[in-house]
Amino acid sequence: IHLPVQPILVMCPFTDCKQEDSPFMNPIDLQSHLGRCHRLNINNIEHVVPFLEKYLNHWIDKIEKSKNKVENFGIKMKNTNIFSIPNKSYQKEDISIRQNLQREKLNEMLMIQDRERKDNNKPRKCLFCKKIHMFTEHNFNIGLPDNIVNIDEFLYILQTKLNGLQCLYCEKIFKSNAVLRKHMRKKKHFKINSKNHIYDKFYIINYLEPGKNWENFVNDKYESDDEKDDEWDDWDDEVENEPTMCLFDEYVAESIEEALNHMKNEHHFDFYEIQKKNGLDFYQCIMLINYIRRQTSLLKCFSCGKGFEDISELGQHLEDQKHYTVIPSKDQENGWNDVKYMLPTYDDDPLLHGFDEFFDDLSDTEQKDISTQYVTAEKLAIDDRLKEKTKQQHCEKN
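Residues numbered from 1 in each chain as written. Predicted model: local features only at pLDDT ≥ 70, side-chain atom pairs only at ≥ 80, totals over all residues. Heavy atoms only, no water.

1. Some points on the overall build of the chain
Thinking step 1. Secondary structure assignment for the chain yields 13 helices and five strands.
Thinking step 2. By the burial criterion, 47% of the 398 residues in the chain qualify as buried.
Thinking step 3. Counting only contacts in the chain whose residues sit at least 6 apart along the sequence, the fraction spanning at least 24 positions is 60%.
Thinking step 4. In the structure as shown, the chain presents an accessible area of about 21,600 Å², 47% of it carried by carbon and sulfur atoms. (Helix = DSSP H or I, 4+ residues; strand = E, 2+ residues; numbered from the N terminus. Buried < 20%, exposed > 50% of the residue type's maximum accessible area, 1.4 Å probe, protein only. Contact = heavy atoms within 4.5 Å. Areas by Shrake-Rupley, 256 points an atom, 1.4 Å probe, with all protein chains shown as cover.)

Next up, the structure:
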């Protein structure tokens, strides 16, 4: 399953377009729309993706001033009523505008890259463990550092994929962190998918030469000896030994297992028994954890919803009413069984991957359902960004 974590938003540039309010997630969909609704095709559209919006605005402005006579600017495509721009008369102008926009974008990216290089006060945590060594210890390859720009956004995308239990190379989604880690080690998937063009904007090479994709410059020579496999072992160790906070009080255990035992012994909250008793699948467990975390942070009982003044009063209520083990129904309105609780209440919550082994027997159908739930939750996460970007683009047009 391919998850568009940070989609590129492109609005239809025609002012009278009936689908103007619908952003396009990639240039392929936009190209299809332009041909279907406006009889327009952009020649080699993949070459202008870095500056697509400005390029389109240049030509659509000319087309609209000519009363939408697309045929004045393009060559009729065989067996269609679609015109591909530019035609012979506008080839020089098209080359000029592409070169100017490319040069402008390249200068912008080089300035950003220069700022990032000078930003020495921002250590970046490794994607696979808690150290600051980044990619050197794990043989994880994303290309030459001098070719990378917008590194924070790039790492955010990679981290979001890993948090979503998605392999960075084959982009399959797995049912647990343990299974994902085993897969990446066994398959030597210590690199990103060079065919996924969502990464194109993070490589300077894409701003140097039109049509030259960064995948040509990624070093695909990976060693497969056991020593390289061992470099991933610390990922397992770090995950298992992360300090983990109790769901109901301010106690912080030294590990996930200790936190689960604390909740079982102190609050009679046996997570594994609750999972079995209520027939919760992997992602329902995640939703329940995130829901309880949120309710506790709001000083509310996760079972009945009653609010309190402080954490001690909440704990006393849970104990007196025996609500620690009273799980609300899955079908309860505005309850915990909602995809919005797929998103963590606390970032990097270790408890969210502390029960992997209980789901090794999931069927393929169940795994497919889980993946669908994750995609839906991730869509919710980007909806606000989509709406905000669309609003900004409308304001700029007006």
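2. So, the nonpolar core
Thinking step 1. Counting residues in each nonpolar core, the largest one holds 32 residues, and the members touching the most others are Leu247, Phe248, Met263 and Phe269.
Thinking step 2. Those elements that provide at least two residues to this core are helix H9 (256–267), helix H10 (271–278), helix H11 (282–297) and helix H12 (311–320).
Thinking step 3. For this core, the leading source of residues is H11, giving nine residues.
Thinking step 4. In contact with Leu247, not counting residues within four places along its chain, are Met263, Phe269, Ile289, Ile292, Arg293, Thr296 and Leu351.
Thinking step 5. Counting residues in each nonpolar core, the second largest holds 24 residues, with Leu30, Val48, Phe83 and Leu101 among its members. (Core = buried A, V, L, I, M, F, W, Y, C linked by side-chain atoms within 4.5 Å.)

3. Section: the UniProt feature "domain: C2H2-type" (unreviewed entry) in the chain
Thinking step 1. Mapped onto this numbering, the UniProt entry gives "domain: C2H2-type" (unreviewed entry) at residues 165–189 and 299–328.
Thinking step 2. Taken end to end, residues 165–189 is 44% helix and 0% strand, and its two terminal C-alpha atoms sit 14 Å from one another.
Thinking step 3. This span, residues 299–328, is 33% helix and 0% strand, and a straight line between its end C-alpha atoms measures 17 Å. (UniProt positions renumbered as here; feature names shortened; annotations may be inferred.)

4. Brief notes about the confidence of the model for the chain
Thinking step 1. When pLDDT is averaged along the chain, the result is 76; 70% of the residues meet or exceed 70.
Thinking step 2. Note that residues 1–7 has pLDDT below 50 and, in this model, 34 contacts with residues that lie over four places away or in other chains.
Thinking step 3. For the stretch residues 217–229, pLDDT sits under 50, and the model shows 16 contacts to residues farther than four places along the chain or on other chains. (pLDDT = per-residue confidence, 0-100.)

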